[in-house]
Amino acid sequence: MRCAEWLRTQACFDDELDSMSTANTERHRMHCAECNTLHDDLDQVRTALRQDMAYASTPPALRARVIRALNREDAAQRPRGHAVRFRNWLSRPFWQGALRGIGGTAIAAGIAFFLLAAGATNPLLDELLSAHVRSLMPDHLIDVISTDRHTVKPWFAGHADVSPMVADFDGQGYRLIGGRTDYFEHQRAAVVVYQRGSHVINVFSWEADQRGLPKNTTRNGYHLAFWGAGNLAYCAVSDTAWDELLGLAGLLQDLSTRDAR
């Protein structure tokens, strides 16, 4: 079994935690050889990559694709007059030279990253992922601790703005361990917590228009699976394997379908 702080040590190394959580993780590493070794290994890998990474000139085909992508992006968002000026700006000698030589790869990669990141940004995904990571911190995972759905389900009345689907699928490998509430999308969302082996699965539910739900995706090593039932939107979040996460989502969807009949 890995230390329970294993994932948080990685997040701390990547500067993804707030100052208080970072301080708590650093104190934990002083007494945990496993997490301290992980941190040292990550530092060695990063140092090796920075020392050994070679620079290469940007292939002409990639330069052309980046410029075409920039032109399309700008044309879609600005009046035609602005698009013409932007293309003229890209064609100036400075940028023609900048996209060549030793810095070309970094510039092209940076431009491509921002083009892709702009389309991938979704506040709902950010909120769900942040809520999941926060729940993995000590004393943040569960408000009501129980493996009995008849205890967990009624608890949400008065604590959350929705009444989520709650079931125990211990026989299928998904053990119900409790629930809690979280606040996002301007409402008190319900979170039912399951355990799959050593992995925690948070199943969020909130009232939403299902037509606006994101597609299943992976961010920072965590999988997010979305579905809807009635007027509720659901999202299961975990670092377990995709097939295991989708297995729980399928069980909950089947249960919702049977209850709706």
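Residues numbered from 1 in each chain as written. Predicted model: local features only at pLDDT ≥ 70, side-chain atom pairs only at ≥ 80, totals over all residues. Heavy atoms only, no water.

Peer 1: Tell me about the overall build of the protein chain, residues and numbers included.
Peer 2: Check the secondary structure of the protein chain and you find 10 helices and 7 strands. Per-residue burial for the protein chain yields a buried fraction of 36% across its 261 residues. At a minimum sequence separation of 6, the contacts of the protein chain that also span at least 24 residues come to 58%. For the protein chain, the computed accessible surface area is about 15400 Å², with 54% contributed by carbon and sulfur atoms. (Helix = DSSP H or I, 4+ residues; strand = E, 2+ residues; numbered from the N terminus. Buried < 20%, exposed > 50% of the residue type's maximum accessible area, 1.4 Å probe, protein only. Contact = heavy atoms within 4.5 Å. Areas by Shrake-Rupley, 256 points an atom, 1.4 Å probe, with all protein chains shown as cover.)

Peer 1: How would you explain the packing of aromatic side chains if you had to name every residue and give the values?
Peer 2: Under the criterion given, the structure shown has 5 aromatic pairs. Relative to Y234, the ring of W227 has its centre 5.4 Å away and its plane inclined at 5°; by these criteria the two rings are stacked. What links up through ring pairs into an aromatic cluster is the set F184, F204 and W206. Just above the ring of Y174 sits the side chain of R196; from NZ or CZ to the centre is 4.6 Å. (Phe/Tyr/Trp six-rings, centres within 6.5 Å; stacked < 30°, edge-to-face > 60°. Lys NZ or Arg CZ within 6 Å of the ring centre and 35° of its normal.)

Peer 1: A description of helix α2 (residues 19-29) should follow, citing residues and the corresponding values.
Peer 2: For α2, the set of buried residues is S21, T25 and R29. One side of α2 holds all its buried residues, which, seen down the axis, span an arc of 80°. Away from its buried face, by an angle of more than 90 degrees, α2 presents the exposed residues S19 and M20. (Arc of directions from axis to C-beta.)

Peer 1: Before we move on, can you summarise the nonpolar core with the specific residues and values?
Peer 2: Among the nonpolar cores identified, the biggest contains 27 residues, and F156, F169, Y194, I201, V203, L248 and L252 are the most heavily contacted of them. If you list the elements that add at least two residues to this core, you get α9 (149-155), β3 (187-196), β4 (199-207), β6 (222-229), β7 (232-238) and α10 (242-260). Broken down by element, the residue count for this core peaks at 5 residues, all from α10. Leaving out residues up to four positions away in the same chain, L252 has contacts with M165, F169, Y194, V203 and W227. Membership of the second largest hydrophobic core comes to 21 residues, among which are I177, F184, F204 and W206. (Core = buried A, V, L, I, M, F, W, Y, C linked by side-chain atoms within 4.5 Å.)

Coordinates in, geometry out; function isn't part of it.
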